[in-house]
Amino acid sequence: MPGPDLVAAIDHGTSSTRCVLFGRDGAQLAEHRLPQAVLTPRPGWVELDMAEVAANVDACVRGALDAAGATAADVAAVGIANQRESAVLWERATGRPVVRSIVWQDTRTDLAVAALIADGGVDRFRERTGLPVSTYSTALKLQWLLDEDPARRAAAERGELLAGTSDSWLVWNLTGGPHGGVHVTDPSNASRTMLMDLRRLEWDDELLGLLRIPRALLPEIRSSSEVLGEASGALAGVPVAGVLGDQQASLFGHGCFRPGESKCTYGTGAFLLQTVGTEPPRSQHGLISTVAWRLGDEPPVYALEGSVAVAGAVVQWLRDDLGLIADAGEIEPLARSVEDTGGVVLVPAFSGLFAPYWRPDARGVIAGLTRHTTRAHLARAALEACAYQVAELVAAMRADTGGGLSELRVDGGMTANDLLLQLQADVLGVPVTVPAQVELTAAGAAYAAGLAVGFWSGLDELRGFRSTVRRFEPRTREVERRRGLARWRRGVERTLDWAGGVD
């Protein structure tokens, strides 16, 4: 009898969770997606109800199987991609989340960040972890969860609680939860916690001690592509065989396997990654050194990454908070209705600035307003903000690697916006390409899982799945490009020191 002919991927993002099924040719065959509430109970706080996420995962798996007319017997493996840096804390015995998870965008740990920086500088752990000290990483979120309630810390010390990034929560639940669930993570996620030694791929005892995080809370660090356990529920018996942080999954899904190949994902935030090889890179220009993936027992592959906190989120802000548009799809025609921004610069530093600045004290600014400014100018300025933030990441990556960029491969929800991609090509001065496969994050997780069980033969086969359907060539003259970047940087300067903190 023929074997299973599908691989499943569970893709847990910030605002939605989905299950996608892929065939042997790498093509997407079915998908089921559900939104989840992103909770902001206080300024700077961003949370998810992980019980809702777990229920959504089950519903998405069942929905995707139904859409494909398939059962668990048709699925060779399941992989997981997840929004990274979040901190999840749950009860070992019941599987019940102790509190809501603290999401990557959350800035409640800003005082702890300031204290660590004052005692040793923003780069005090960078050599060991690849990361600057910031509200972005998981470590200080987890420390906050334990310190916020003495009873919670006592339970953690007694071994009654488990913790991890959201992939750990998903794998644990998928493999049985309190009934034999596997407590693991992979290096791509562990490298984002500020608790893992980037070379040894192990939790660092000195950092755990400094931040008072019990080692027993944390998952075992395994490969990104290996059989971790067996699924229960709707996928009962299917090997859980791949785990990747969402941006590394996207890099893998794009087929950026060779050093120097880059991609950018435009979602809630924007994330530029470049594969660099099997030695951890050292950034001198504000980027993050991260594990891209580890396949089985092979050496880990590393990447440089630049992260923008607010990309698609600025469109949501225009829609939900300002009421300038009723639907996200309206922003492109509105922005196209004017030739430029009329001199307006919008810097959406709502949660501070991530790479390459790492300034938690920054706050959003709209500069250059006149009596003739309209909502169309603001819409166009919002799209330009996404393009300019990515351009600064590209500039930092070029400075770190000494290499050029021949093209930028892109994915994510915002790539439906042709104006944004044309603006990006204009600002960068290089072509921007959109692949035929739209679910690159889910594809990367599926590829990792499929490789682990022999569903696909290797990277050469996966590389053959890539094809381009849209290409945007730069149209702007160099003098205009430089003028626009200079105006953008003047806007960035006005965001700094707004909330105090770092000088």
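The structure under discussion appears in the preceding block.
Residues numbered from 1 in each chain as written. Predicted model: local features only at pLDDT ≥ 70, side-chain atom pairs only at ≥ 80, totals over all residues. Heavy atoms only, no water.

A.B. asks: Explain the pattern of salt bridges to me, please; I cannot follow it from the model alone.
C.D. replies: Close approach of charged atoms lets side chains of opposite charge pair. According to the stated counting rule, one finds 44 salt bridges in the structure shown. For the salt bridge of R212 with D147, the shortest nitrogen-to-oxygen distance reads 2.9 Å. Of this pair, R212 sits in the loop between α8 (205-211) and β12 (220-221) while D147 sits in helix α4 (residues 138-147), placing them 65 residues apart in sequence. Here R212 falls in the partly exposed class, since its relative accessible area comes to 42%. A salt bridge links R359 to D361; the nearest nitrogen and oxygen atoms lie 2.9 Å apart. Classification of R359 as buried rests on a relative accessible area of 13%. Members of the salt-bridge network, linked through shared partners, are R258, E261, E407, R409, R466, R471 and E473. (Salt bridge = Lys/Arg side-chain N within 4 Å of Asp/Glu carboxyl O. Helix = DSSP H or I, 4+ residues; strand = E, 2+ residues; numbered from the N terminus. Buried < 20%, exposed > 50% of the residue type's maximum accessible area, 1.4 Å probe, protein only.)

A.B. asks: Would you mind going over helix α12 (residues 375-401) with me for this structure?
C.D. replies: Given 3.6 residues per turn, any residue in an α-helix points the same way as the ones three and four places further on. When the terminal C-alpha atoms of α12 are compared, their 39 Å separation across 27 residues agrees well with the 39 Å that a helix rising 1.5 Å per residue should span. Within α12, 22 of the 27 residues are buried, which leaves it mostly tucked inside the rest of the structure. (Expected span 1.5 Å × (residues − 1).)

A.B. asks: Where do I start with the nonpolar core in this structure?
C.D. replies: Taken as a class, soluble globular proteins show a tendency for nonpolar side chains to be buried jointly. Within the largest apolar cluster, 170 residues are counted, with the highest numbers of intra-cluster contacts made by L195, F252, Y266, W293 and L408. If you tally residues by element for this core, the top one is α12, at 16 residues. (Core = buried A, V, L, I, M, F, W, Y, C linked by side-chain atoms within 4.5 Å.)

A.B. asks: How should I be thinking about the sheet that holds strand β1 (residues 6-12) in this particular structure?
C.D. replies: One key point about sheets: their strands pair by backbone hydrogen bonds, in either a parallel or an antiparallel sense. Reading across from one edge, β3-β2-β1-β5-β14-β13 is the order of the six strands in this open sheet, with mixed pairing throughout. Single-partner strands in this sheet number two, and they are β3 (28-35) and β13 (225-230). When the angles between neighbouring strand axes are averaged without regard to direction, this sheet yields 25°. As paired strands, β1 and strand β5 (residues 75-82) are joined by seven bridges and run parallel to one another. Each residue of the ladder has a partner; that of V7, found in β5, is A77. Of the strands in this sheet, β1, β5, β13 and β14 (239-245) touch helix α6 (residues 166-174), which is tilted by about 150° from β5. (Pairing = 2+ DSSP bridges. Axes fitted to C-alpha atoms, helices over the stretch in contact; angles between N-to-C directions. Contact = heavy atoms within 4.5 Å.)

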